[in-house]
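Fold and geometry: a report
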Amino acid sequence: MGGGLAFSCNCGTLRGEVSAAGVKGGTRVVCYCADCRANELYHGQPDPAPDPVDLFQLSPDTITITHGAEQLRAIRLGRRGPLRWYAACCGTPFANTLAKPGLPFAGMRSNLFQDPSALGKIRARAFLPVPGKQSRTKGGGAMALGILSRMITARLSGRWKDTPFFDADTGKPVAEPELLNKAQRAALYP
C-alpha cells in the first residue's frame, strides 16, 4: 500500500495500514491511567500494571482497514468517556476515539504493529503515578500540540470525515458502543 505501516488484531482478522503521513505525524504515548488498564482487563488482556499501555496517537483519516472492518466494536467505561474500539473476532483492544467524528483523534495500541519501534520514540508519559501525590504527565505539551495540530489540519482539509470509526453520512459510530454498567466497571478497577 504506499509506504505505510501494517497493523492487525491478535488473530489477524481485522487488519489494515496507517499511511506514511499518519506514521510521520503521529505521537507515541504511554498511559498509566486506570481506564486504559480497565480496558485491557475487560478484553482479557494481561494486566499491564505497573507498566503503561503503549499508544500511538494519530488522525483517524490516516487509518485504513483493509480486512475485517465489520469486526469493529466499541465500549464506553462511562457516559462521557472515549469510545474504546476492539476487534470482536478475538477481543483485541484496537483504538480509542472521541465520541464524535468532528473531533478527529485516535489512539491506536502500539502492539497492533509488528514493529512498534517504527512508530518512533515515546514522546509523552500520561498519568504517571507519583507516590502520595496526584499523577502527572511528562511530555504533555508535545502530546497536546500533536493532538491539536492533527485535529485542526483534519478539520480544515475536510479529512475528518474519512474515518473507519464513524459513518460518513450520519456521523454515528459504525458499531453502537456498549456502556458498561456499574458492576462491570467495578470489576475492572482492582
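Residues numbered from 1 in each chain as written. Predicted model: local features only at pLDDT ≥ 70, side-chain atom pairs only at ≥ 80, totals over all residues. Heavy atoms only, no water.

**Some remarks on the overall build of the chain**
Scanning the chain for helices and strands turns up 4 helices and 12 strands. Rg of the C-alpha trace for the chain: 16 Å, near the compact-globule value of 16 Å for 190 residues, within the 12% margin. Considered along the principal axes of its C-alpha atoms, the chain spans approximately 45 × 35 × 30 Å. Each of the 190 residues in the chain was classed as buried or not, and the buried ones make up 43%. Sequence-distant contacts in the chain: of pairs separated by 6 or more residues, those separated by 24 or more amount to 64%. Of the roughly 9,900 Å² of accessible surface on the chain, 53% is carried by carbon and sulfur atoms. (Helix = DSSP H or I, 4+ residues; strand = E, 2+ residues; numbered from the N terminus. Rg over C-alpha atoms; globule rule 2.2 N^0.38 Å. Buried < 20%, exposed > 50% of the residue type's maximum accessible area, 1.4 Å probe, protein only. Contact = heavy atoms within 4.5 Å. Areas by Shrake-Rupley, 256 points an atom, 1.4 Å probe, with all protein chains shown as cover.)

**Description of the sheet that holds strand β5 (residues 63-67)**
Sheet strands line up and pair through hydrogen bonds in the backbone, either parallel or antiparallel. Sheet architecture is open: 3 strands sit in the order β1-β2-β5, paired in antiparallel fashion. Both edges of this open sheet fall to β1 (5-8) and β5, since each of them pairs with a single strand only. Sheet twist, expressed as the mean angle between neighbouring strand axes with direction ignored, is 30°. Where β1 meets strand β2 (residues 15-18), 4 bridges bridge the pair, whose relative direction is antiparallel. Its bridge partner lying in β2, S8 is registered against R15. (Pairing = 2+ DSSP bridges. Axes fitted to C-alpha atoms, helices over the stretch in contact; angles between N-to-C directions.)

**Looking at the side chain of R84**
In this fold, R84 is placed in strand β7 (residues 83-87). At 4.4 Å, D35 is the nearest oppositely charged side chain to R84, a buried residue that forms no salt bridge. Separated by 3.4 Å, the side chains of R84 and N96 make a polar contact. Sequence-distant contacts of R84, defined by excluding residues within four places in its chain, comprise D35, C36, N39, R73, A74, I75, L77, A95 and N96. (Lys, Arg positive; Asp, Glu negative; His and termini not counted. Salt bridge = Lys/Arg side-chain N within 4 Å of Asp/Glu carboxyl O. Polar contact = N/O pair within 3.5 Å; in protein donor to acceptor, adjacent residues only side chain to side chain.)

**Section: the sheet that holds strand β11 (residues 133-138)**
Here 9 strands make up an open sheet; going across it, the order is β11-β10-β3-β4-β9-β8-β7-β6-β12 and the pairing mixed. At either margin of the open sheet sits one strand with a lone partner, and together these are β11 and β12 (178-179). Sheet contacts for helix α2 (residues 34-42): β3 (27-31), β4 (53-58), β6 (72-76), β7, β8 (93-97), β9 (106-109) and β12; angle to β8, the most-contacted strand, approximately 145°.

**Thoughts on unusual backbone geometry**
For the bond from A49 to P50, the omega torsion is 5°, close enough to zero to count as cis. Position of P50 among the secondary structure elements: in the loop between α2 and β4. With a phi angle near 55°, F127 is a residue other than glycine that sits in the positive phi range. Take F127: it is sitting in strand β10 (residues 122-130).

**Section: α2**
Buried within α2 we find C36, A38, N39 and E40. One or two steps after α2, the chain reaches G44, where phi turns positive at roughly 70°.

**Observations concerning the nonpolar core**
A general trend in soluble globular proteins is that nonpolar side chains are found buried together. In this structure, F7, F94, M108 and F165 are the most contacted members of the largest nonpolar core, which totals 25 residues. Residue assignment for this core shows that the elements contributing at least two residues are β1, β4, β5, β6, β7, β8 and β9. The biggest single contributor to this core is β7, with 3 residues. When sequence neighbours within four positions are dropped, the list of residues in contact with F7 reads L14, R15, G16, E17, V18, I63, T64, I65, F94, M108, L112 and F113. C31, C33, A126 and M143 belong to the second largest nonpolar core, which has 9 residues in total. (Core = buried A, V, L, I, M, F, W, Y, C linked by side-chain atoms within 4.5 Å.)

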